[in-house]
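Spelled out from the first residue to the last, the chains are:
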Amino acid sequence: MRLELILCLFVTLPFLQGCNTITGNKRNEGDQFLQSKTIDKYDNYTDWAIYRGDKKANQYSELAQINATNVNKLEPAWEYHTGDFIGPSMYSNPIVVEGLMYFTTPKLNVVALDAITGEEVWVFDPSKYSDDNEVFRGRSRGVTYWEDANGQNQRIFNFVRDRVYALDAKTGERIEPFGEDGFIDLRQNLPIDPEMAAIEVTSPGIVYQNFLIVGSRVPEGERLSTPGDIRAYDTKTGEFKWIFHTIPQEGEFGYETWEFNDDVSIGGANPWGGFSLDEERGWVFFATGSPSPDFIYGGDRKGKGLFGNCIVALDATTGERQWHYQTIHHDIFDYDNPPAPILTTIKSKGQSRDAVVQLTKMGLTFVLDRDTGEPIFPVVEIPVPASGVPGEEAWPTQPFPIKPPPLARLSLDEADLNNITPESHASVLEEFKKYKTGFLYTPATEQGTITLPGHQGGVEWGGGSFDPYSNVLYVNVNEAPTINKLVKYYDYGDDGDATPVQRGAQIYNQTCTACHGASRQGNPPAFPALTDIKLNVEELREVIHNGRGMMPAFPQFSKKQVNDLIAFLQNDFSESDENLEEQIIPMDPRIRYSNEAPFFVDPDGYPAISPPWGTLQAIDIAEGTILWKVPLGEYPELVAKGIRNTGSKSFGGPVSTAGDVVFQAGTPDEKIRAFSTHSGEVLWEYQLPAGGYATPSVYMIEGKQYVVIAAGGGGKNGTKYGDSIIAFALPDYLNDGPPEEEKTSSKWIDLFDGSTLKGWVHLNGSHTYYVEDSAIIGRTVEGSPNSFLGTTKTFDDFELELEAMVDSVTNSGIQIRTKVKQLTLGDGPDSRAGRVYGPQVELVRNQGSGKPTTGLIYGEALGTGWLSADDEMQNGHNHLINDGWNKIRIVAKGPRIQTWVNGEQVEDLVNENVYKSNPRGFIGLQMHGIEGRGPYVMKWRNIRIRPLDNNN
């Protein structure tokens with residue numbers, strides 16, 4: 001079913017409108033902020049001492065030393081090597097506290113570096129404290145910092161599979177006593193036997209006051225699952241404090257949404273993407289994945305299934321549920337909610353509203369009220385197809401938000417197929433005809449059903465970046481069509497006559513097929529085939545027990561289960577072997593279904609749909625609209641053939657800054673890029689030594705801003721492994737002007753080529769700039785603060801000439817020697833980081849007196865007001881051509897600024913203070929809107945500049 005038909009149903013079926021939110025025992029409205037006590041001093045937009053930057057999961061930096069005008073000059077400041085190229089990848093988002101940077105390696109070591117130099121300070125190796133000094137390799141997105149209310153007891157919490165270690169933040173020494181035997185054992189305090197619990201913490205916990213709140217990744221197999229419960233521990237002692245059951249126990253809310261089966265172990269519903277936290281309310285937020293048995297068959301876990309696929313708000317001190325909202329009922333699609341909810345405050349038309357934004361694998365965005373969990377934009381329950389598989393009962397409706405629009409394609413037909421080459425198109429068309437296709441919520445079949453955006457599609461664990469001052473959310477989105485197929489297998493139960501191969505086949509079907517396929521054919525590049533295994537028995541046993549690469553560990557398997565699985569893996573048969581069924585089918589079996597979900601790709605492994613396969617997008621959360629969408633990433637092999645701008649799958653999230661840039665890595669071309677927040681234009685890119693499948697961190701120390709990324713390679717894009725942590729910064733010379741070899745001659749330079757905005761970047765506000773009829777056009781947008789189109793080159797002394805057409809109502813200006821405020825140093829928008837400031841030559845028909853004041857000078861965000869004299873402002877002049885082009889000339893030499901309009905001198909100003917604060921800067925074209933009126937248009941053309949020295 002195409003999206004257009006679904007939207008049509010919204011009009012014809014108004015009764016479908018509904019809500020999945022149910023609130024718990026909330027405080028009275030007037031009491032909701034009673035827990036507001038000491039706010040974490042590091043929960044801000046400048047330090048980056050918290051995973052994803054702040055506890056609200058905004059991934060935003062209010063720093064602007066690096067900004068759109070100079071990001072093209074970014075260069076490596078230092079690089080640290082872990083020396084570990086084995087993998088899995090480094091997904092760590094480094095945090096920075098008091099000059100030290102902390103991150104994790106594939107061995108789950110914690111490394112502390114000097115954040116200025118990259119020099120190693122200490123390393124904590126958890127294998128020294130593991131059973132038999134065993135090294136565990138796993139995925140880790142970082143660590144958690146905590147200090148007490150007095151700034152003492154500074155700790156780093158390291159999450160190692162099913163343990164939490166507390167480390168001294170300055171020395172890296174393990175803190176004892178803490179927990180039991182020096183660590184928290186996460187297998188304890190669960191509603192199952194600790195020996196059967198399988199826990200792997202892949203995203204760091206979050207702290208509220210003295211509570212460390214932890215979630216985890218858990219197995220997704222049928223009989224070996226672990227509930228994805230949320231637990232809190234005392235940050236000082238490691239003592240267990242509370243638990244929230246994501247699979248409700250009997251007597252708890254949500255228990256009635258299940259049809260439990262005694263011979264099926266229900267687990268999962270875990271928040272593997274981490275947490276966000278509202279310090280004022282004292283609430284912790286998380287989003288869960290699907291219950292297990294997972295992926296695309298739910299015949300053994302019938303019911304709506306709370307709290308699977310839910311956004312949940314809990315009291316952070318008690319674990320008491322405040323509200324929940326379910327994004328998928330009875331998930332049989334593998335549509336987890338990968339990232340933690342983003343806590344936003346939406347500001348619009350003089351009002352503000354606290355919200356929760358949840359990004360999903362479906363490419364759908366849910367925007368909820370933070371107090372109640374009610375949708376802010378309408379969400380409808382749409383009817384979806386039923387399942388045709390025996391025993392499966394697909395939920396009849398699914399929630400679908402009207403706004404924002406889907407971020408990815410939700411269905412495909414023949415017209416959507418890959419056409420990058422004729423050979424590719426022919427191959428994918430042949431495959432396409434073998435399977436069923438359907439809209440987003442079409443269930444899997446035994447034949448196979450192709451769906452979009454796929455189980456690595458939509459938004460992954462990297463989440464999005466929310467700019468709290470513009471209401472804009474930046475997010476990287478994948479489109480990876482998947483063939484969802486159910487494969488029948490036979491369950492022998494406790495049949496003692498079953499052979500090791502038969503028992504191993506059952507374990508494989510319950511645990512491994514979703515990644516490696518029913519026929520062990522694999523799902524490259526992340527999941528290899530298992531048809532020709534070179535490992536010996538002991539090596540296989542180690543991989544099963546500890547995991548490798550993308551494969552999780554299975555420590556809960558007994559020795560017998562491991563031996564049975566190895567027997568199956570080493571058995572030499574194929575699908576075509578006529579004896580296959582005799583080998584793996586026991587007598588009188590029970591029929592079950594395993595999951596197989598290979599990607600729908602062409603013969604070279606590229607997605608079988610037409611590009612773009614990955615995008616970076618900007619969403620106005622206040623209006624629920626997509627502002628822009630651009631391809632993100634490329635495949636080097638296709639680039640070599642001249643096939644560009646395809647987009648790609650990306651893993652790791654974006655970070656936006658007050659400098660009007662978005663940083664994003666995570667692509668298979670192994671680059672990190674900076675994009676314009678206003679257009680998605682690539683402003684800078686750097687070739688990393690390996691893929692950066694992580695979220696960047698942004699911080700400032702001793703007046704210098706850095707951007708750092710973990711470049712560990714590997715991951716789901718299957719590129720080569722790396723071992724680098726790389727920090728980028730601006731060259732020091734930018735503070736004093738360019739080096740001698742970059743100084744410009746005194747010849748005239750064209751700043752505008754007449755056809756593109758090359759060499760110009762947008763700063764501040766949302767007014768628009770474009771080129772038309774060989775002129776730069778500026779058009780106002782209602783409600784926008786001032787906007788500026790600035791040059792990427794800077795100038796000190798110069799002569800500037802241009803032509804301008806001045807609107808009859810609004811005003812604009814020509815910024816000279818202009819800078820961007822690096823930090824927020826006061827209240828109000830003019831004091832905020834990223835604000836453009838400097839002398840401005842005004843372009844306006846009149847300033848109240850009825851006569852033009854074009855050519856007079858204003859101190860834009862300097863705190864000075866007008867720099868020109870009052871009498872000049874009052875008297876104006878008669879040199880402006882109201883409805884035509886005007887020639888503007890500006891000469892800046894030291895503290896002296898002179899201006900001419902159509903050959904007549906208007907201003908001759910000397911101001912030592914302004915020259916001291918702004919001796920050098922970029923040239924900018926300002927747009928100034930008028931609230932409730934417009935749009936208004938300004939035009940500029942024939943812009944050229946001549947640098948001046950002592951000889952001219």
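Right above here is the structure, for reference.
Bear in mind the structure is a predicted one, so any value in this text is a computation, not a measurement.

J.: I keep staring at the nonpolar core and nothing clicks. Help me out?
T.: Generally speaking, a soluble globular protein has its nonpolar side chains buried in company with each other. The biggest cluster of nonpolar side chains holds 51 residues, and the ones touching the most others in it are Val 71, Trp 78, Met 101, Phe 663, Tyr 699 and Ile 725. When residues of this core are assigned to their parent elements, the largest contribution, six residues, is made by strand β40 (residues 704-714). In this structure, Met 101 is in contact with Trp 78, Pro 94, Ile 95, Val 96, Val 111, Ala 112, Leu 113, Ala 115, Tyr 699, Val 708 and Ile 725, ignoring residues within four places of it in sequence. If you look at the next biggest cluster of nonpolar residues, it comprises 37 residues, including Ala 804, Met 873, Ile 897 and Leu 909.

J.: How do you make sense of the packing of aromatic side chains when you look at a structure like this?
T.: Describing an aromatic ring pair means giving the distance of the ring centres and the angle of the ring planes. Here the structure, examined in full by the defined rule, presents 38 aromatic pairs. A ring pair is formed by Tyr 91 and Trp 461, whose centres lie 5.8 Å apart and whose planes are at 85°; its orientation type is edge-to-face. Note that Tyr 91 is positioned in the loop between β3 (75-81) and β4 (95-97) and Trp 461 in the loop between β28 (449-451) and β29 (464-467), a separation of 370 residues in sequence. By relative accessible area, which is 5% here, Tyr 91 ends up buried. A relative accessible area of 4% places Trp 461 in the buried class. Grouped by ring-pair contacts, the aromatic residues Phe 244, Phe 253, Phe 275, Phe 286 and Phe 307 constitute a single cluster. The ring of Phe 599 carries Lys 649 above its face, with NZ or CZ at 4.0 Å from the centroid.

J.: I would appreciate a short explanation of unusual backbone geometry in the present structure.
T.: Backbone phi values are negative for most residues with the exception of glycine, while trans is the configuration of most peptide bonds. Here the amide bond leading from Gly 87 into Pro 88 is cis, since omega sits at 5°, within 30 degrees of zero. Summarising the element assignment, Pro 88 is placed in the loop between β3 and β4. Along the chain, Leu 452 connects to Pro 453 via a cis peptide bond; the corresponding omega equals 5°. Within the secondary structure, Pro 453 sits in the loop between β28 and β29. Unlike most non-glycine residues, Leu 108 shows phi in positive territory, near 65°. Of note, Leu 108 is situated in the loop between β5 (100-104) and β6 (110-114). For Leu 108, a relative accessible area of 2% corresponds to the buried category. Even without being glycine, Asn 189 reaches a positive phi, approximately 65°. The residue Asn 189 is located in the loop between β11 (184-185) and β12 (206-208) in this model.

J.: Can you help me understand the sheet that holds strand β22 (residues 342-348) in this one?
T.: Within a sheet, adjacent strands bond to each other through the backbone by hydrogen bonds, running parallel or antiparallel. Ordered by their spatial adjacency, three strands build an open sheet running β22-β23-β24, and the pairing between neighbours is antiparallel. Each of the sheet's edge strands pairs with one partner strand only, and the pair in question is β22 and β24 (365-369). Adjacent strand axes in the sheet meet at a mean angle of 40°, parallel and antiparallel pairs treated alike. Here strand β23 (residues 351-359) pairs with β24 via five bridges, running antiparallel. Residue pairing in the sheet places Val 356 in a bridge with Leu 368 of β24.

J.: Please explain the side chain of Ser 676 as it appears in this structure.
T.: Along the polypeptide, Ser 676 turns up in strand β37 (residues 671-676). For Ser 676, a relative accessible area of 4% corresponds to the buried category. At 3.1 Å, the side chain of Ser 676 and the backbone nitrogen of His 678 are in polar contact. With residues up to four places along the chain from it excluded, the contact list for Ser 676 reads Trp 628, Asp 660, Glu 681 and Leu 683.

J.: Help me out: how do you make sense of the pattern of salt bridges in this one?
T.: Two side chains of opposite charge can pair, provided their charged atoms sit close to one another. Evaluation of the coordinates by the stated rule reveals 40 salt bridges. Where Lys 55 meets Asp 40, a salt bridge forms, and the shortest distance between an N and an O atom there is 2.9 Å. Taken together, the residues Lys 55 in the loop between β1 (21-23) and β2 (60-61) and Asp 40 in the loop between β1 and β2 connect sequence positions 15 residues apart. Take Asp 40: its relative accessible area is 22%, and that puts it in the partly exposed class. Close ionic contact of Lys 170 with Glu 98 constitutes a salt bridge, the shortest N to O distance being 2.7 Å. Of this pair, Lys 170 sits in the loop between β10 (163-168) and β11 while Glu 98 sits in the loop between β4 and β5, placing them 72 residues apart in sequence. For Glu 98, a relative accessible area of 45% translates into the label partly exposed.

The rules behind the values
- Residues numbered from 1 in each chain as written.
- Predicted model: local features only at pLDDT ≥ 70, side-chain atom pairs only at ≥ 80, totals over all residues.
- Heavy atoms only, no water.
- Core = buried A, V, L, I, M, F, W, Y, C linked by side-chain atoms within 4.5 Å.
- Buried < 20%, exposed > 50% of the residue type's maximum accessible area, 1.4 Å probe, protein only.
- Helix = DSSP H or I, 4+ residues; strand = E, 2+ residues; numbered from the N terminus.
- Contact = heavy atoms within 4.5 Å.
- Phe/Tyr/Trp six-rings, centres within 6.5 Å; stacked < 30°, edge-to-face > 60°.
- Lys NZ or Arg CZ within 6 Å of the ring centre and 35° of its normal.
- Pairing = 2+ DSSP bridges.
- Axes fitted to C-alpha atoms, helices over the stretch in contact; angles between N-to-C directions.
- Polar contact = N/O pair within 3.5 Å; in protein donor to acceptor, adjacent residues only side chain to side chain.
- Salt bridge = Lys/Arg side-chain N within 4 Å of Asp/Glu carboxyl O.

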